[in-house]
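An overview of the molecular structure
Below, each chain spelled out in residue letters.
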Amino acid sequence: MHESDPLEGPRVGEDGDVGYRGVTACHAVGISYRQLDYWARTTLVVPSIRDASGSGTQRLYSFRDLVVLKVVKRLLDAGVSLQNIRKAIETLRSRGVEDLAGITLISDGTTVYECRSPEEVVDLLQGGQGVFGIAIGGAFKEIQGSLSHLPAEPASAPQPVGAATPAEPAAGDELAARRARRRVG
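From a predicted model like this one, the values you see are computed outputs, not experimental measurements. (Residues numbered from 1 in each chain as written. Predicted model: local features only at pLDDT ≥ 70, side-chain atom pairs only at ≥ 80, totals over all residues. Heavy atoms only, no water.)

1. As for the overall build of the chain
Rule in force here: Helix numbers and strand numbers start at the N terminus; a helix is a DSSP run of H or I with at least 4 residues, a strand a run of E with at least 2. Working definition: with a 1.4 Å probe on protein chains only, accessible area under 20% of the residue-type maximum means buried, over 50% means exposed, and in between means partly exposed. Contacts were defined at the residue level, with two residues in contact if any of their heavy atoms lie within 4.5 Å. Working definition of accessibility: Shrake-Rupley area with a 1.4 Å probe, residue cover restricted to the visible protein chains.
Looking only at helices and strands, the chain features 6 helices and 6 strands. Each helix and strand of the chain, ordered N terminal to C terminal, gives the series β-α-α-β-α-α-β-β-β-β-α-α. Counting over 185 residues, the chain shows a buried share of 26%. In the chain, 44% of the contacts between residues at least 6 apart in sequence involve partners at least 24 apart. Carbon and sulfur atoms provide 55% of the accessible area of the chain, an area that totals close to 12400 Å².

Shown next as C-alpha cells:
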C-alpha cells in the first residue's frame, strides 16, 4: 500500500489506497443514503473494501464501487427499472464478470446491453442473447465501393416516359463522367 502525502491528500481512483464512507459515496454519485443502503443490503452494489458487519460499523467503498454506483444511477435516470438493472448485473456476475467498472453498458431505457466490441452487443436481460450493431460508416463505404463501377445518371434531368436509360453519362454530369473514365482507364 502507498501512503498518501498529507499535503496532497488521498489519490483519487487508486483502489486499495483509500476507501470512501457511505455519505461521501452518496455525494460523489448523486444518490441518497437510503438508496445506497438499500443497494448494499440487497447486494446490488456491495462495498468491496468493508461491508457493514453490525451496529456501529461503516461500509467503505472503493473508487471502482463508486463507478458502478454511478452506472446504476445513470441507468435509473435513463428509465431502466431497478429490477432490470439488478437482472443485468446478476447476468454479468453469473458469467464471472467481477470488475463491473471495466465494462461498457448501453441502454435504450428498457433493457441493458453489454458492449463487448464495436460489432458485438449482448442483451443482458435476455440471458446474454447476442444482438448485432450496424456501423453506418462501414455501410457507407461499402455502398461507395459498389457504386464506383455502376452507372449513374443526373437526378435533375427529366426522364421521358418509356425512355431507355442512356448508356453514356449526360453532358454536365461530372461525377458520372469520372466514373466512366475510371472504368475505361
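2. Quick look at the pattern of salt bridges
Note the following rule: The salt bridge definition used is simple: a Lys or Arg side-chain nitrogen within 4 Å of an Asp or Glu carboxyl oxygen.
For the coordinates displayed, the defined rule picks out 4 salt bridges. Arg-59 is paired through a salt bridge with Asp-51; the nearest N and O atoms lie 3.4 Å apart. Linked by salt bridges that have partners in common, Asp-37, Arg-41, Asp-51 and Arg-59 make up one network.

3. Things to note about the pairing of strand 5 (residues 120–123)
Definition in use: The rule for pairing is simple: two strands pair if DSSP sees at least two bridges between them.
In terms of strand pairing, strand 4 (residues 112–115) meets strand 5 through 3 bridges, oriented antiparallel. Bridging across to strand 5, Tyr-113 finds its partner in Asp-123. Where strand 4 folds back onto strand 5 in an antiparallel hairpin, the turn is made up of 4 residues.

4. Notes on the pairing of strand 4
Residues in a regular strand point their side chains to alternate faces of the sheet. Sheet analysis places strand 3 (residues 104–107) next to strand 4, joined by 4 bridges and oriented antiparallel. By the bridge assignment, Thr-104 is partnered in strand 4 with Cys-115. The turn linking strand 3 back onto strand 4 is made up of 4 residues, and Gly-109 within it adopts a positive phi angle of 95°.

5. Observations concerning the environment of Ser-107
Selection rule: Residues adjacent in sequence count toward polar contacts only when both atoms are side-chain atoms; beyond that, a polar contact is any pair of N or O atoms within 3.5 Å, and within protein one must be able to donate a hydrogen and the other to accept it.
Among the secondary structure elements, Ser-107 is positioned in strand 3. Sequence separation between Ser-107 and Leu-75 is 32 residues; the distance between their C-alpha atoms is 7.2 Å. Not counting residues within four places of it along the chain, the set of residues in contact with Ser-107 comprises Leu-75, Val-80 and Tyr-113. Engagement of the side chain of Ser-107 in a polar contact is seen with the backbone nitrogen of Gly-109, the distance being 3.0 Å. In this structure the side chain of Ser-107 is engaged in a polar contact, spanning 2.8 Å, whose partner is the backbone oxygen of Thr-111.

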